Amino acid sequence: MKLNHLNLTVTDVNAAREFFEKYFDLQTKSIHGDSFAVLTDDNGLLLALMKGTQVNYPKNFHIGFSLESEERVNEINQRLKDDGFDVKPPQRLHGWTFYVKAPGGFTVEILCRMRHIQ
């Protein structure tokens, strides 16, 4: 069993959809005006974005994308920074990671997990 469906309520469906397409290679499968969109990835994830007027996620709520290398994390960090997002450099916590406030009112973590030496 695996989790494969997530619905996020966002203030701006199109901005959130474009964010996921541009930085995380998700593909839009359907759009219903500015109120609803469905995106997928190559691993079977289905991400639904639903418009809400008051989006209030808990302080520590976030979704995460796990990448294959620290270089890839650095690349996305730089692209976001170049595009005007307020991001801090990645740091070593539970992996090589950073967070970004995404369009629509939620937070995304981008990380490369640490490999354990055995």
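About the criteria used
Residues numbered from 1 in each chain as written. Predicted model: local features only at pLDDT ≥ 70, side-chain atom pairs only at ≥ 80, totals over all residues. Heavy atoms only, no water. Helix = DSSP H or I, 4+ residues; strand = E, 2+ residues; numbered from the N terminus. Rg over C-alpha atoms; globule rule 2.2 N^0.38 Å. Buried < 20%, exposed > 50% of the residue type's maximum accessible area, 1.4 Å probe, protein only. Contact = heavy atoms within 4.5 Å. Salt bridge = Lys/Arg side-chain N within 4 Å of Asp/Glu carboxyl O. 1 Å grid on protein atoms, 1.4 Å probe; cavity = no way out; pocket = protein on both sides within 12 Å on 5 of 7 lines; lining within 4 Å. Points joined across faces, edges and corners; volume = space filled by probe spheres on them. Nonpolar A, V, L, I, M, F, W, Y, C, P; charged D, E, K, R; others polar.

Draft legend 1. Expanded view of the overall build of the chain. A tally of helices and strands in the chain yields 2 helices and 8 strands. Put simply, the chain runs from its N terminus to its C terminus through helices and strands in the order β-α-β-β-β-β-α-β-β-β. For 118 residues, the compact-globule formula gives about 13 Å, and the C-alpha radius of gyration of the chain, at 15 Å, lands near that figure. Dimensions of the chain along its principal axes, counting C-alpha atoms only, are 50 × 35 × 25 Å. A buried classification covers 37% of the 118 residues belonging to the chain. In the chain, the share of contacts with a sequence separation of at least 24, taken over all contacts with a separation of at least 6, comes to 49%.

Draft legend 2. Expanded view of the pattern of salt bridges. All told, the structure shown has 7 salt bridges when counted by the stated rule. With a closest N to O distance of 2.9 Å, lysine 22 and aspartate 83 form a salt bridge. Here lysine 22, found in helix H1 (residues 13-24), pairs with aspartate 83, found in the loop between helix H2 (70-82) and strand S6 (91-92); they are 61 residues apart in sequence, far enough to count as distant. With a relative accessible area of 44%, lysine 22 lands in the partly exposed category. Of the charged contacts, one joins arginine 72 and glutamate 75 as a salt bridge, the two residues approaching to 3.0 Å between their closest N and O atoms. Of the two residues, arginine 72 and glutamate 75 are both situated in helix H2; the distance of 3 residues between them amounts to about one turn of the helix.

Draft legend 3. Molecular detail of the environment of alanine 102. Within the secondary structure, alanine 102 is located in strand S7 (residues 95-102). Taking C-alpha positions, alanine 102 is 8.8 Å from alanine 15, a pair spaced 87 residues apart along the chain. Setting aside residues no more than four positions away along its own chain, alanine 102 makes contact with Phe19 and Val108.

Draft legend 4. Geometry of the environment of arginine 17. By secondary structure assignment, the location of arginine 17 is in helix H1. Contacts of arginine 17, omitting those with residues within four sequence positions, involve Thr28, Ile31, Ala37, Leu39 and Leu49.

Draft legend 5. Inspection of the layout of surface pockets at higher detail. Quantified by volume, the largest pocket comes out at close to 610 Å³. Surrounding the largest pocket, 25 residues form its lining, Asp41, Asn43, Leu45, Gly64 and Phe65 being those nearest its centre. Of all the elements in the fold, those that place two or more residues in the lining of the largest pocket are strand S1 (5-10), H1, strand S5 (63-66), H2 and strand S8 (106-113). Of the residues forming the lining of the largest pocket, the biggest block, 4 residues, is contributed by S5. Of the residues contributing to the lining of the largest pocket, the split by class is 12 nonpolar, 7 polar and 6 charged. Approximately 230 Å³ is the volume found for the second largest pocket. What lines the second largest pocket is Asp86, Val87, Lys88, Pro89, Gln91, Leu93, Thr97, Phe98, Tyr99, Val100, Lys101 and Thr107. In terms of residue class, the lining of the second largest pocket is built from 6 nonpolar, 3 polar and 3 charged.

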